[in-house]
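So the chains spell out like this:
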Amino acid sequence: MAFYEQPIHPKPTTFLSKYMISFDHKVIGKQFLWYGIFFLFVGGLMALMIRWTLAFPGVPFPVIGKALFPETGGVIPPDTYAMLFTMHGTIMIFYAITPILIGAFGNFCIPLMIGARDMAFPLLNMLSFWLAVVSGVILLGSLFTPLGAAAGGWTSYPTLSTLVGSPGTGQTLWSLAIFILGASSTMGAINYITTIITLRAPGMGYFDMPLTIWGLWLTAILNAIFLPVLGAGVLLLIFDRVFGTTFFLAGAAATSGSGDPVLFQHVFWIFGHPEVYILILPAWGIVSDLLAFFSRKPAFGAKATALSMTTITILSTLVYGHHMFTTQMSPLLTQTFMTLTMTISIPSAIFFANWLGTLWKGSIRFTSPMLFSLGVVFVFGLGGLTGLYLGTVTTDLYLHDTYFVVGHFHYTMAASVLLGGFAAIYFWMPKMFGMMLSEFWAKVHFWITMVGLNGVFFGMMMVGYAGMHRRLYNPFVYEFMQNMIPMNKMITYSAYLMGAAQLIFVVNFVHAIFFKKEKASDNPWEVGTLEWTIPSPAPHYNFDKIPVVKCGPHELGNPNLTTGRDFQYQTENLVEA
Amino acid sequence: MRTQAEVNSQYMLQANSIAMVVVLIMFGMLFATLFLGYAVYRLTAQVWPPSGMTALPLLIPAVSTILIGLSSFFLWNFETQYKVGAKQRLPLFTSIFFGLAFIASQFVLWSTLKSQGLFAGSNIFTSIIYAFTWIHVGHMVMAVIGLFYLLPLIADKAELKPNRVINVAKFWHFLGIVWLLMFFTIFVI
């Protein structure tokens, strides 16, 4: 039977064609990885500044404080504090997590894991990356505008984000940057969806796809549907700021007719709640695969896991209202949104139980990708369970806008995704760069990160439960919060520990790429998905001959195997008794 | 058994069609969000149109509707003939002409609104009119570039690429439908 074979593109030879304007999905994946790591550093530095302010209000920020804030002697000023938490949230969500999990691993893994030579539209893929660069430059440029960058929070609610709340060009540039990044992400989504539907290797049905691909595919679908909603919202916000329209103005500001600031919240969260899943679905997929690979047994209930992820994807589109319980929403609506939110627990519990089922009686190999995957199981469990209190109207009314919310979403969106991202980097490093990262230092990195991370995010939930509000420059001017100073210091020390742990990763990563001489083998982890059937690093054409898939991605620990291996490649017939 | 060339051609058709469906869903969501916002403003307003507003000009939007309708009709005509191998130049040129005329009519509309003292910041209704038409025209400009992208295909020796024509036409007709919705919901009712 004849099947479509993408042409093998000529090998790039110049620096420009090889590293800058490459059409190769692997190079674009690496470009997104470097981009994401850069912004992770910028956003992380901002987080440390925020934490410093909360632990030591009025004390100059160490080392670089005087250079950054000379007019206050190194103390972070209140308006800058608002910019810092706004830009930290924006950068981490849109410019660090998204490029690493979706941009880097989406681009790198999809063609390799489905047996394709490249994405369906390589030119669109390249444009997607460079549009993201333009957006990043605009966002960083906004830091240097006269009145500073955006300071209305990562959600940019009007009226904080209209000209009334944020004069100057910083907020306008923020909106423009997000719009452009949205265009970039939707370009990627078109590519991912089309590639997965049309370029799967012969024999690969949807349930033969690795769960990583399921996660990335569902993410792309959510991106394609909901990013334009945010696009429409920020476009109208730009019009309000630049052309004087009145969409989100209210009261005296809108002198005739009336705008509606709360409408932006609706638009934002119609996009924003699916965005949570846009970020977490790739990590879920990756972890679902890695748990099976390193338990040396098939993924428990793989089809149910894929279908649960699909169900969660669908339900995620119906629950956004739980972010707005405190906006005087009708009680009928709050209860509807609460019920819908609770129903997400059902598919979540199914696939979480499947993770545990995969681990049960497995011959677990505690490699670095496995440790990070187990970390995801722990932190996502904690983050998911604490979400129940925020999805319930009665408890949310108390907890809303406290640090409990900050702790919760950092557990789900930051910790889970960060650990999932590290699991992916450690796992695919040999296929990406042809080098293994040091396992010893990877494990040191994991344990210190876990200690720091839990100190930060669990601490946040505790102070939040005690009533500490988010976004306050110096919460301790209020007497009832003063007894939370020691806990805040503990959170800050934990944050610095977590930050320091990332230096271990950076040194390990840079050493492996630029200085290590020992090459990785083709299949160092001994797994059977398609990318491990080709040399490390993957050649520019991926597959010389398009592979034919004959079994699933998690054929490990089959007692009937007589090959001396405990796994099968997807290109091999399933060994039966 | 199909040849490799047939398989490749079938693949390209499938991939491009899927991508185009995704693109239309994306743009559909963008405009749906705008219409949703409009519905909220209109349904929650105590007085509509906002007090102090004179009647909106109906003639120019009606002319715009005719222009975009004619453009869509001629593009459909071109597409139908192209799919059976006939490279008819006139329908494509006519479609481009009416498309450009539609964009010009939008400039006339904005100018007329301004002459009536209706500016983007006058009230929420004028904000909606200007913003929606700006966004729509922005997309029309992209779509016109798409029509120009079809021009090389009508050269005598050019290879037949019906897929490209079908996809550009889908986007063009989509924008026509969006305008029609805008015309009725903003200017007529």
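Definitions and cut-offs
- Residues numbered from 1 in each chain as written.
- Chains lettered and ligands numbered in written order.
- Predicted model: local features only at pLDDT ≥ 70, side-chain atom pairs only at ≥ 80, totals over all residues.
- Helix = DSSP H or I, 4+ residues; strand = E, 2+ residues; numbered from the N terminus.
- Contact = placed C-beta atoms within 7 Å.
- Core = buried A, V, L, I, M, F, W, Y, C linked by C-beta atoms within 7 Å.
- Buried ≥ 20, exposed ≤ 12 C-beta atoms within 10 Å, placed from the backbone.
- pLDDT = per-residue confidence, 0-100.
- Axes fitted to C-alpha atoms, helices over the stretch in contact; angles between N-to-C directions.
- Parallel < 35°, antiparallel > 145°, perpendicular 65-115°, else oblique.
- Nonpolar A, V, L, I, M, F, W, Y, C, P; charged D, E, K, R; others polar.
- Expected span 1.5 Å × (residues − 1).
- Left-handed = near helix turned anticlockwise from the far one by under 90°.

Here we come to the overall build of chain B. A tally of regular secondary structure across chain B gives 5 helices and 0 strands. Starting at the N terminus, the α and β elements of chain B follow one another as α-α-α-α-α. Counting contacts in chain B only where the partners sit at least 6 residues apart, residues at least 24 apart contribute 78% of the total.

The nonpolar side chains of a soluble globular protein tend to be buried with one another. Residues and elements named next belong to chain A. Counting residues in hydrophobic clusters, the biggest one holds 222 residues, and the most contacted among them are Ile114, Ile193, Trp217, Ala423 and Met429. Looking at which element gives the most residues to this core, the answer is helix 4 (residues 78-114), with 24 residues. Discounting residues that sit within four places of it in the chain, tryptophan 217 has contacts with Tyr192, Ile193 and Ile196.

The subject of this paragraph is the interface of chain B and chain A. Counting residues at the interface gives 35 residues for chain B, matched by 32 residues for chain A. Of all the elements in the fold, those that place two or more residues in the side of chain B that touches chain A are helix 1 (4-44) and helix 4 (124-150) of chain B. Of all the elements, helix 1 of chain B adds the most residues to the side of chain B that touches chain A, at 20 residues.

Here the focus is the confidence of the model for chain B. On average, residues of chain B score 93 in pLDDT, and 99% of them reach the 70 mark or higher. Scoring the predicted complex yields pTM 0.95 and, for the interface, ipTM 0.94.

On to the environment of proline 50 of chain B. Residue and element names in this part refer to chain B. On the secondary structure map, proline 50 appears in the loop between helix 1 and helix 2 (59-83). Given 18 C-beta atoms within a 10 Å radius, proline 50 is considered partly exposed. Proline 50 sits 28 residues away from phenylalanine 78 along the chain, and the two C-alpha atoms are 44 Å apart.

Residues and elements named next belong to chain A. Counting through the fold element by element, leucine 124 comes out in helix 5 (residues 122-141). Look at leucine 124 and you get partly exposed, because 16 C-beta atoms sit within 10 Å. Excluding its chain neighbours within four sequence positions, the residues that come into contact with leucine 124 are Met187, Ile190 and Asn191.

Each pair of packed helices can be summarised by the angle the axes make with each other and by the distance between the axes. Residue and element names in this part refer to chain B. Two elements in contact, helix 1 and helix 4, have axes separated by 11 Å at closest approach and are oriented at 170°. On the basis of the axis angle, helix 1 is roughly antiparallel to helix 4. Across from Phe27, Leu34, Tyr38 and Tyr41 in helix 1, the residues of helix 4 making contact are Ile124, Ile128, Phe132, Ile135 and His139. Per-class residue counts for the contact of helix 1 with helix 4 are 8 nonpolar, 1 polar and no charged.

All names here are of chain A. Taking 1.5 Å per residue as the helical rise, helix 16 (residues 485-515) with its 31 residues ought to reach 45 Å, and the 44 Å between its terminal C-alpha atoms agrees with that figure. Every buried residue of helix 16 is accounted for by Asn488, Ile491, Thr492, Ser494, Ala495, Met498, Gln502, Phe505, Asn508, Phe509 and Ala512. For helix 16, the secondary structure elements touched by its buried residues are helix 2 (25-55), helix 14 (403-433) and helix 15 (439-465).

Attention now moves to the packing of helix 6 (residues 170-198) of chain A against helix 1 of chain B. Contact geometry for helix 6 of chain A and helix 1 of chain B: axes closest at 9 Å, N-to-C directions at 140°. Relative to helix 1 of chain B, the element helix 6 of chain A is oriented oblique. As helix 6 of chain A packs across helix 1 of chain B, the resulting crossing turns out to be right-handed. In contact with Thr186, Ile190, Ile193, Thr194, Ile197 and Thr198 of chain A of helix 6 of chain A, helix 1 of chain B contributes Tyr11, Gln14, Ala15, Ile18, Ala19, Val22, Val23 and Met26 of chain B. Looking at the contact of helix 6 of chain A with helix 1 of chain B residue by residue, the classes come out as 10 nonpolar, 4 polar and no charged.

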